[in-house]
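Each chain is listed here by its residues.
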Amino acid sequence: MSLGTEDLDKLSRDVFSERHIGHSLHCGECGYNLRALAYVGRCPECGNEYNARPAVRSGIYVPSEVWFPFTELFCALFFLGGATGLLVGGILARAPWAMAFGAAYLGGGVIGAYLFYKRLRRYLRFFWVGRRLREDD
């Protein structure tokens, strides 16, 4: 009998659900110390799902270099500025090609703004959790 990947994942989840974290690991959302809790579960502070198995590590704060999302900010501003110029110029000059390019630029600006928002949230969360952990030490 051979085990598939789903069976192995379920088996490892069952093995790790009985074990408890023996060292300091912190929740990725609030920074709560998950020591002595089960390897798989929810943070008692904020309810964030975490999986502290060494191969998975999701929902766990991992100190790393997280930079401010300058690239996404620049892309969003560039495309939104270009869209504004092309749309206004196309409307005033009655140029349908400028309005079509302006719509494409507007789409790029919206995507850039969305990516900036997501990366900014990640940056601020890591900054806040890291700061909270440094204050607790």
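(A) Highlighting the overall build of the chain. What the chain contains, in helices and strands, is 3 helices and 4 strands. Along the chain, from the amino end to the carboxyl end, the secondary structure elements read α-β-β-β-β-α-α. In the chain, which comprises 137 residues, the share counted as buried stands at 25%. By sequence separation, contacts in the chain at least 24 residues apart represent 43% of the contacts at least 6 residues apart. Carbon together with sulfur atoms contributes 61% to the accessible area of the chain, which is approximately 9,600 Å² in total.

(B) Quick peek at the pattern of salt bridges. Tallying each qualifying case throughout the model produces 3 salt bridges. Arg-125 is the salt-bridge partner of Glu-29, the closest N and O atoms lying 3.6 Å from each other. Taken together, the residues Glu-29 in the loop between strand 1 (26-27) and strand 2 (40-42) and Arg-125 in helix 3 (residues 96-136) connect sequence positions 96 residues apart. Measuring nitrogen to oxygen at the nearest pair gives 2.9 Å for the salt bridge that ties Arg-42 to Glu-49.

(C) Quick peek at the side chain of Asn-48. Structurally, Asn-48 is set in the loop between strand 2 and strand 3 (49-51). Take Asn-48: its relative accessible area is 18%, and that puts it in the buried class. Setting aside residues no more than four positions away along its own chain, Asn-48 makes contact with Cys-27, Gly-28, Glu-29, Gly-41, Arg-42, Cys-43 and Gly-59.

(D) Seen up close, the environment of Tyr-123. Looking at where Tyr-123 falls in the secondary structure, it is placed in helix 3. Between the C-alpha atom of Tyr-123 and that of Phe-68, which follows or precedes it by 55 residues, the distance is 6.3 Å. Apart from the residues within four sequence positions on either side, Tyr-123 is in contact with Val-66, Trp-67, Phe-68 and Pro-69.

(E) Fine view of helix 2 (residues 70-93). Spanning 24 residues, helix 2 covers 34 Å between terminal C-alpha atoms, matching the ideal 34 Å at 1.5 Å per step. One or two positions beyond helix 2, positive phi appears at Arg-94, with a value near 55°.

Cut-offs and rules
Residues numbered from 1 in each chain as written. Predicted model: local features only at pLDDT ≥ 70, side-chain atom pairs only at ≥ 80, totals over all residues. Heavy atoms only, no water. Helix = DSSP H or I, 4+ residues; strand = E, 2+ residues; numbered from the N terminus. Buried < 20%, exposed > 50% of the residue type's maximum accessible area, 1.4 Å probe, protein only. Contact = heavy atoms within 4.5 Å. Areas by Shrake-Rupley, 256 points an atom, 1.4 Å probe, with all protein chains shown as cover. Salt bridge = Lys/Arg side-chain N within 4 Å of Asp/Glu carboxyl O. Expected span 1.5 Å × (residues − 1).

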